[in-house]
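# Structural overview for review
Spelled out from the first residue to the last, the chains are:
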Amino acid sequence: MKQENVQVRIRKKRQDYQTEEAFKALRTNLQFCGREKKAVAVTSCTPNEGKSTVSLLLAVSLAESGKRTILIDADMRKSVLTGAARPSRKGLLGLAHYLSGQSELEEVICRTDVPGLSLIYSGPFPPNPAELVGGSRFREMMETLREQYEFILVDTPPLGSVIDSAIAAEACDGVILVLESGAISWKFARGVREQLDRSGCPVLGAVLNKADLSRHGYGRYYGKYYGQYKAAGGEES
């Protein structure tokens, strides 16, 4: 059964001016990476740095700018997306169902209340998420979606914890790394960056999250996102 008619309501907290401008800058910088950079993985070093919130709000920003966008929740180990993007009913099919061959791609795509934005939930926690992401069905899915959408955002697990995001990145055109301000050492972040480099997928940039803007001049950090975000109704991932 197709899920395109399932109503998914995006819960967005009211954003201040700096937050809105930060996401506009992030969206613009992504667009200036080139038309060939349309499938982008989003990851972090550790859990709770805010990469799922950044993925969702960036997807919303892209759709609001008129770009056909789909967000894939590939964090099948610890998904928090349902807290911020609530479906109208339970028991939806998700990425795990498709990758394991239990459903077809059109059966797992949901439309949201944001025009131009579609979403694929992670589905139930499978026993072998890394193997599923590394399988042929994931690559087939990405190629099909490239023909239907202008941007594909893939929210992946923290690379400092599991290898899934590096595997998913191999099927993407670039990676955005979300870092929590003051929480991650430079050495740890460099190690994660090296893992991404080995995947052959270029790192398009970093997002410094949860920074205290009052301590820094906004203009000094042009090209990066600095703000404070929390996923509505769920823990940040």
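Here goes a summary of the coordinates provided. Only a predicted model underlies this, so the values are computations on that prediction, with no experimental measurement involved.

Next up on the list: the environment of Arg-137. Within the element layout of this structure, Arg-137 appears in helix H5 (residues 136-148). What makes Arg-137 partly exposed here is its relative accessible area of 22%. Note: C-alpha distance between Arg-137 and Gly-101 (36 residues apart in sequence) is 8.2 Å. Aside from chain neighbours lying at most four places away, what touches Arg-137 is Tyr-98, Leu-99, Gly-101, Ser-103 and Glu-104.

Once that is clear, we can look at H5. Side chains of residues three or four places apart in an α-helix project in the same direction, reflecting 3.6 residues per turn. The end-to-end C-alpha distance of H5, which contains 13 residues, comes to 19 Å, matching closely the 18 Å that a straight helix rising 1.5 Å per residue would cover. Turning to H5, its buried residues are Phe-138, Met-141, Met-142, Leu-145 and Arg-146. For H5, the angular spread of the buried residues around the axis is 140°, confining them to a single face.

Relative to the helices and strands, Ser-199 resides in the loop between helix H7 (186-198) and strand E9 (203-209). Apart from residues no more than four positions distant in its own chain, Ser-199 is found in contact with Ala-166, Ala-169 and Glu-170.

The rules we used
Residues numbered from 1 in each chain as written. Predicted model: local features only at pLDDT ≥ 70, side-chain atom pairs only at ≥ 80, totals over all residues. Heavy atoms only, no water. Helix = DSSP H or I, 4+ residues; strand = E, 2+ residues; numbered from the N terminus. Buried < 20%, exposed > 50% of the residue type's maximum accessible area, 1.4 Å probe, protein only. Contact = heavy atoms within 4.5 Å. Expected span 1.5 Å × (residues − 1). Arc of directions from axis to C-beta.

In short, shape yes, function no, at least from these values alone.
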